[in-house]
Structure formats: C-alpha cells, structure tokens
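Fold and geometry: a report
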Amino acid sequence: MRIFIGIDLDPEVRARIERFIEGVQGFAPDARWVGGESLHITLKFIGEQTPEQVEAIAESLRRVAGSAFEIHASGYGFFPTAKAPRVFWIGIHAGRQLAELARNVDAAVAELGIASEDRPYSPHLTLARGGGGRRASGSPKLHKGDSPNTLFAALQKRLAGMGEIDFGKMPVRELILYQSRLSPGGSKYTKFQSLPLPNK
C-alpha cells in the first residue's frame, strides 16, 4: 500500500477552493489540476508499506502528541520558484501547532524505520502540477530539470490582479492515514483510517 499522513478539508473551505479552481484553471490549461475530492494537506509522505507495517504506523500515530487547533487557508505561491514553476499552491497558516504536529508525526514514524524529513515542514495545499515525470514532483526543492517556463504565466498575471485570496478557517480535529493509488488520470486518494486528536 502506498500511504501518506494528512489533514482533510472541511466542506466549506473545500467548496471555496473548488470554485476558485473552476475560475482560474483555464489560465493554465496544460497544468494537471487536482480534483476537488482529492484536496488535502500532506503532513508526511511514507510510500509503499505492507498491511502489517501500515497497522504499526496507525498505532504509532494514535500516540502522537497534539490537540485540536485551527488553520487558515489563504495566499498562494509556486514551487520551486515563481520563475521556474512546477507546482501551484495555496498557503496554510496555523502558527506553531501545525509545525509541531508535523514534527511529532515525523518522530513517531521514524521509530518504525521510516526516514525523517530533511527540511522544515512547509504547509501548503497543492492545486496544480506541471508536466509529467520528474516535473510532477510536488517538492519545494529545486530539481535538476527545473528551468524558467511559461506554464503558469497567464495564471500568475490573473492572480496578480485578484488582490488577497482567502478561503477561510477550519478546525483540525484528526489525522488521516491516506492510501494513494496511481492511475493514468493521476493519483487517487482514499481515507484509510481517521485518528482523532485530543480536544484542548
């Protein structure tokens, strides 16, 4: 099973983002846009695991320290840079709680032999990716094949004229263990387990 740990969106925030995508995706027609049902915030990508390993991961996540908190979806950007974009994203803001939760998740699964992250957590919500193959990566890191391009040029011009972009706030009450299935139309994500965070 190909799995990752993330946070789901509440219906109102998801609906606002879906309407936004409908309004701007025509400005980057060659990009691969994320379907509304697949929108999520990734905390930790894990990769291929056996069913037994997945259950061990779920058990470790049940012991993760953290409590319910609120996040705010607003703003946007491009990875790795605006001049050489391969990913279009919107910002996720939550103060220290989200970064602490990501660190705690990383530490919990590291005890099971899963590699720790080598860079600080950068919360964001991916809306579109460019190209295929290596260019499909959602990593903020600059890759060897990244170079100046015009894939998102018309979109960037449109966004510059829109002013502040704000999708609202939502509570985070649980971690989601997702299963990712690769298909010709892109990755499909299924909620495998929901793991509640304690209330404050």
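About the criteria used
- Residues numbered from 1 in each chain as written.
- Predicted model: local features only at pLDDT ≥ 70, side-chain atom pairs only at ≥ 80, totals over all residues.
- Heavy atoms only, no water.
- Pairing = 2+ DSSP bridges.
- Helix = DSSP H or I, 4+ residues; strand = E, 2+ residues; numbered from the N terminus.
- Axes fitted to C-alpha atoms, helices over the stretch in contact; angles between N-to-C directions.
- Contact = heavy atoms within 4.5 Å.
- Buried < 20%, exposed > 50% of the residue type's maximum accessible area, 1.4 Å probe, protein only.
- Phe/Tyr/Trp six-rings, centres within 6.5 Å; stacked < 30°, edge-to-face > 60°.
- Core = buried A, V, L, I, M, F, W, Y, C linked by side-chain atoms within 4.5 Å.
- Arc of directions from axis to C-beta.

The sheet built from four strands is open, its strands ordered β3-β1-β8-β9 with antiparallel pairing. Here the strands that pair on one side only, and so sit at the sheet edges, are β3 (41-48) and β9 (188-196). Geometrically, the sheet is characterised by an average inter-axis angle of 25° between neighbouring strands, direction not taken into account. Pairing of strand β1 (residues 2-7) with β3, which is carried by six bridges, proceeds in the antiparallel orientation. Across the sheet, I3 pairs through a bridge with G47, a residue of β3. Its contacts with the sheet put helix α3 (residues 95-110) on β1, β3 and β8 (174-181), and the angle it makes with β3 is roughly 15°.

Counting through the fold element by element, S187 comes out in the loop between β8 and β9. Judged by relative accessible area, S187 falls into the partly exposed class, the value being 26%. Note: C-alpha distance between S187 and D8 (179 residues apart in sequence) is 16 Å.

The next subject is the packing of aromatic side chains. Under the counting rule described, the total for this entry stands at 11 aromatic pairs. The interplanar angle of 80° and the centroid separation of 6.3 Å between the aromatic rings of Y76 and F78 together place this pair among those described as edge-to-face. Residue classification places F78 among the buried residues on the basis of a relative accessible area of 10%. An angle of 35° between the planes, with centres 5.3 Å apart, marks the rings of F79 and W89 as tilted. Here F79, found in strand β4 (residues 69-80), pairs with W89, found in strand β5 (residues 85-93); they are 10 residues apart in sequence, far enough to count as distant. Every member of this aromatic cluster is reached through a ring pair, and the members are F20, W33, Y76, F78, F88, F152 and F167.

So, on to the nonpolar core. In this structure, I17, W33, L61, F88 and L127 are the most contacted members of the largest nonpolar core, which totals 51 residues. Ranked by residue count, the leading element in this core is α3, at six residues. When near neighbours in sequence (up to four residues on either side) are disregarded, W33 contacts I21, V24, Q25, A28, F88, L127, A128 and L155.

Moving on to the sheet that holds β5. Read from one edge to the other, the open sheet built from five strands follows the order β2-β6-β5-β4-β7, with strand pairing classed as antiparallel. Edge positions in the sheet fall to β2 (31-33) and β7 (166-172), since each of these pairs with one other strand and no more. With strand direction ignored, the average angle separating the axes of adjacent strands in the sheet is 30°. Pairing of β2 with strand β6 (residues 124-130), which is carried by three bridges, proceeds in the antiparallel orientation. Note that in β6 the partner of W33 across the bridge is A128. Packed on one face of the sheet, helix α4 (residues 153-160) meets β2, β4 and β5 and runs near 135° to β4.

Here the focus is helix α2 (residues 51-61). When we look at burial in α2, the residues that qualify are V54, I57, A58, S60 and L61. Buried residues of α2, viewed axially, fall in a sector of 160°; they line one side. For α2, the elements touching its buried residues are β1, β3, α3, β8 and β9.

Everything listed here is a matter of coordinates, which is why it stays silent on function.
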